[in-house]
Amino acid sequence: MAKVLISPSRYVQGPGELKKLGSYAAQRGKKAMVLISKGGYKRFGADIEKSFEDSDCDVEFDMFNGECSKNEINRLLSVMKEKGCDLVIGVGGGKIFDTAKAAAHYAGVPVFIAPTIASTDAPCSALSVIYTDEGVFEEYLYLPENPNLVLMDTEVIAKSPVRLTVAGMGDALATYFEARACRDSGAISCAGGQTTSAAMALAELCFNTLMEEGVKAKIALEAGALTPSVEKIIEANTLLSGIGFESAGLAGAHAIHNGLTVLSECHHMYHGEKVAFGTITQLVLENIPEEELEYIVKWCIEVGLPVTLEELGAKDVTDEQLLEVAKAACAENDTMHNLPFAVTAESVAAAMKAADAFGRYYKTR
């Protein structure tokens, strides 16, 4: 089996980059469809429109309906065809990116991703996570190409709610541990091959950056400051985690996140917050040394990531409900089976209960 590494064609990170979006767009299209939320348009619409004023590319805006579902993708395709758009730009958060990437794929046009938050590793990937209109995980849509451009305006991101960047740290936390599991099991990554040494190095750098810079970045963001630590965490959340998860692989942490989508009690939680708990659960399944588990859990507590079921909104979840979560996490088409040992729904449910107990234990110490 070949080793494969994939990445976006171009990654740009720095303050004020969103105000240059029009000039970047003119390099790839004549009429851009910008998919954005109503709130995002109120905050950034004027700057984006201004960036197109001296550009050779026209712009159309479309308001995102809130869920990356097949219905939303098909709706956007119809609008693009009606408006004659030859470029899709997703501005905002993860589900907007996934919808934009899927629509661009089906339309056969380039796609740009311009995050206004750093809450997931979705921007760089050739992957869209498809949900039902009600927000329940449905499938992974693997795309033939990564985004043509990922544009990270760190000035914009630093002004976003701190919880969102912390959630991005939770998503990035899984990267190294899932990559390690896939390497050890010989699993096939999202890139369609086994992991390269380069992807493993990026995944490990992602983890080390989180441990060294995460707390400092959170404190700086709470003070409204764009510091070198914040820049490093934005890169870890987006580029390092993005290439790391995609070219090295997913395993237990993201499968547990997908299982948690069956619990309505958790729907209000961000993707990375659920992934963080999924990471702790995977580490319990792997039976890592206690001091290592303590280090990870305490780091999560310090940056503000959930480490208990109660913090996920599922305080009163029953054993039967946990087993349903575990069964969903162990679905045949999910990534739980990339772990280098046999896993059952019962063992996953037990690990979730233990992860919750460890979280409660370390929160009191």
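Below: a short report on this structure.

1. Thoughts on the environment of Ala351
Okay, step 1: Relative to the helices and strands, Ala351 is located in helix α13 (residues 345–363).
Okay, step 2: When its relative accessible area of 4% is taken as the criterion, Ala351 is described as buried.
Okay, step 3: With 63 residues separating them in the primary sequence, Ala351 and Ile288 have C-alpha atoms 12 Å apart.
Okay, step 4: Once residues lying within four places of it in the same chain are set aside, the contact partners of Ala351 are Thr281, Val284 and Leu285.

2. Describing the packing of helix α12 (residues 319–329) against α13
In a packed pair of helices, the relevant descriptors are the angle between the two axes and the axis-to-axis distance.
Okay, step 1: Between α12 and α13, whose axes approach to 8 Å, the crossing angle comes to 120°. With respect to α13, the axis of α12 lies oblique. As α12 runs across α13, the sense of the crossing is right-handed. For the pair formed by α12 and α13, the contact residues are Asp319, Leu322, Leu323, Val325, Ala326 and Lys327 on the first element and Ala345, Glu346, Val348, Ala349, Met352 and Lys353 on the second.
Okay, step 2: A class-by-class count of the residues in the contact of α12 with α13 yields eight nonpolar, no polar and four charged.

3. Describing unusual backbone geometry
Okay, step 1: With phi around 55°, Asn287 is a residue other than glycine that occupies positive phi space.
Okay, step 2: Residue placement: Asn287 occurs in the loop between α10 (271–286) and α11 (290–303).

The rules we used
Residues numbered from 1 in each chain as written. Predicted model: local features only at pLDDT ≥ 70, side-chain atom pairs only at ≥ 80, totals over all residues. Heavy atoms only, no water. Helix = DSSP H or I, 4+ residues; strand = E, 2+ residues; numbered from the N terminus. Buried < 20%, exposed > 50% of the residue type's maximum accessible area, 1.4 Å probe, protein only. Contact = heavy atoms within 4.5 Å. Axes fitted to C-alpha atoms, helices over the stretch in contact; angles between N-to-C directions. Parallel < 35°, antiparallel > 145°, perpendicular 65-115°, else oblique. Left-handed = near helix turned anticlockwise from the far one by under 90°. Nonpolar A, V, L, I, M, F, W, Y, C, P; charged D, E, K, R; others polar.

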